[in-house]
Amino acid sequence: MSGGSDDGQPMMDLNTTPLIDVMLVLLIMFIITIPIQTHAVKVDLPINDPNNQPPPIDPQKNKVTIDPAGTIAWNGAPVDKVTLQQYLEATKAINPEPELHFQPDPQARYARVDEVLAVIKRSGVTKLGFIGNEQYRNDF
C-alpha cells in the first residue's frame, strides 16, 4: 500500500464499499424473512337454519306494517329493508302480482315511513294500497 508522498502517515479515507454491500445484503435478508401480514376482516356469516323459514309470500295479498318503534313487519314478521326488498322482488315474479297493503302506525316516524315507501317504489310494485287512512279522517 502506498500512502502517497508521506509514507509514514496512515491513509485518511476509509473504503466503505464492503460495509455498504454487507449492510444491503443483511437488509434484503431481513425483508425476505419478515412474514407477510394478511389483512383479513372477520365477518360473522349467517347460518342457514332450516327451522327459521321466512314468512311465505301470500299469492293474493301481503301486508307491510310499521310500528311506533320503527320496526318493519312483513305479514306480521319483523324484517329489515334488504329482506323487504327481496320479498317485493319475489312478489313481482308471481303472476298475477299480489296486492301489497301498506299500514304504518299513526305514531311511526315519518322518516321511517318514507324510507319504506322508497324501497317499495324502487322495487316496482304496481298494486299498492294504503290501509288505515280512515284513522286520519277527523284530523283535518
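Computed from a prediction, not measured in an experiment: that's the story for all the values here. (Residues numbered from 1 in each chain as written. Predicted model: local features only at pLDDT ≥ 70, side-chain atom pairs only at ≥ 80, totals over all residues. Heavy atoms only, no water.)

1. Some thoughts on the pattern of salt bridges
Under the criterion given, the structure shown has 2 salt bridges. Among the salt bridges present, the one from glutamate 115 reaches lysine 81, with a minimum N-O distance of 3.5 Å. Separated by 34 residues along the polypeptide, glutamate 115 in helix α3 (residues 110–123) and lysine 81 in helix α2 (residues 81–93) bring together distant segments of the chain. With a shortest N-O distance of 3.3 Å, arginine 112 and glutamate 115 are connected by a salt bridge. Residue arginine 112 and its partner glutamate 115 are located together in helix α3, separated by 3 residues, close to a single helical turn. Classification of arginine 112 as partly exposed rests on a relative accessible area of 26%. (Salt bridge = Lys/Arg side-chain N within 4 Å of Asp/Glu carboxyl O. Helix = DSSP H or I, 4+ residues; strand = E, 2+ residues; numbered from the N terminus. Buried < 20%, exposed > 50% of the residue type's maximum accessible area, 1.4 Å probe, protein only.)

2. What to know about unusual backbone geometry
Residue asparagine 95 is joined to proline 96 through a cis peptide bond whose omega torsion reads -5°. Note that proline 96 resides in the loop between α2 and β4 (99–104).

3. A short note on the pairing of strand β1 (residues 61–66)
Only one face of β1 is buried: it carries Asn62, Val64 and Ile66, and the other face, with Lys61, Lys63 and Thr65, is open. For β1 and β4, the ladder comprises 6 bridges, and the chain directions are parallel. Within β4, the position partnered with asparagine 62 by the bridge is leucine 100. With 3 bridges connecting them, β1 and strand β2 (residues 72–74) associate as antiparallel partners. The residue bridging threonine 65 from the neighbouring strand is alanine 73, located in β2. Linking β1 to β2, which pair antiparallel, is a turn of 5 residues; within it glycine 70 sits at a positive phi near 95°. (Pairing = 2+ DSSP bridges.)

4. Some words on the sheet that holds β4
Strand order in the open sheet made by the 5 strands is β3-β2-β1-β4-β5, with mixed pairing throughout. At either margin of the open sheet sits one strand with a lone partner, and together these are β3 (77–79) and β5 (128–130). In this sheet, adjacent strand axes meet at a mean angle of 30° when their direction is disregarded. On top of the sheet, α2 reaches β1, β2, β3 and β4; it is set at about 30° to β2, its chief contact. Where α3 meets the sheet, it contacts β1, β2, β4 and β5, and its direction lies at approximately 170° from that of β4. (Axes fitted to C-alpha atoms, helices over the stretch in contact; angles between N-to-C directions. Contact = heavy atoms within 4.5 Å.)

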